[in-house]
Amino acid sequence: FQLRVVIWKIKGIDNCLADGETPDVYVSGKHVMDNGTELLERTDTHYRTNDGKCTFNWRMIFEVMVPCSDPRLLLRVWNDNWTSDDPLAEVTLDLASDFQLARRTFDAVDLERGIIRLTHPSHPGEVRCELDIEAKLLPLAE
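So, how was this worked out
- Residues numbered from 1 in each chain as written.
- Predicted model: local features only at pLDDT ≥ 70, side-chain atom pairs only at ≥ 80, totals over all residues.
- Heavy atoms only, no water.
- Helix = DSSP H or I, 4+ residues; strand = E, 2+ residues; numbered from the N terminus.
- Polar contact = N/O pair within 3.5 Å; in protein donor to acceptor, adjacent residues only side chain to side chain.
- Contact = heavy atoms within 4.5 Å.
- Pairing = 2+ DSSP bridges.
- Axes fitted to C-alpha atoms, helices over the stretch in contact; angles between N-to-C directions.
- Salt bridge = Lys/Arg side-chain N within 4 Å of Asp/Glu carboxyl O.
- Buried < 20%, exposed > 50% of the residue type's maximum accessible area, 1.4 Å probe, protein only.

Q: Can you lay out the side chain of arginine 128 for me, pointing to particular residues and giving the numbers?
A: For arginine 128, the location among the structural elements is in the loop between β7 (109-118) and β8 (129-138). Polar side-chain contacts of arginine 128 include one of 3.1 Å to the side chain of glutamate 126. Ignoring sequence-local partners within four residues, the contact set of arginine 128 consists of Gly12, Ile13, Asn15, Cys16, Leu88, Ala89, Leu118, Thr119, His120 and His123.

This is how it looks when you write it as structure tokens:
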């Protein structure tokens, strides 16, 4: 199967920053296969975010196994720095029911476009930003 994730926009990224900071932002995605292989994707970088919003229109494509023992996808928002990138916010999506439906029907499964709230382990319960995404899980034959 192929998991296609479209990253549309980020809103509220200024919640993660000091006043006046204009970060260079990108989003990464990670899925871990049953054999331990990490599938990694990332968007391009939205430079000089000064209004708390980033626009991407970027598709991440993961070749996944259905079924799998850990049907989760980690999405993380980063500040792209010269020396080292700083994680700003993250969310782990549990796609178990979508993977089960795809396995049962061997057909495409749409995950409708919507807004997901991201947090950070150092700031539990605090919404750091919102991610506008949609996804589709489909057999490789399509």
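Let's pick the thread back up.
Q: Break down the sheet that holds strand β3 (residues 38-42) for me, citing the residues and quoting the values.
A: Spatially, the 4 strands line up as an open sheet ordered β3-β2-β5-β6, and their pairing is antiparallel. Each end of this open sheet is capped by a strand with a single partner; those strands are β3 and β6 (86-94). Neighbour-to-neighbour, the strand axes of this sheet turn through a mean angle of 20 degrees, independent of strand direction.

Q: Report on the pattern of salt bridges, specifying residues and quantitative values.
A: A complete count under the given rule lists 8 salt bridges for this structure. With a closest N to O distance of 2.8 Å, glutamate 90 and arginine 76 form a salt bridge. Note that glutamate 90 is positioned in strand β6 and arginine 76 in strand β5 (residues 72-79), a separation of 14 residues in sequence. Exposure remark for glutamate 90: the relative accessible area of 19% places this residue in the buried category.

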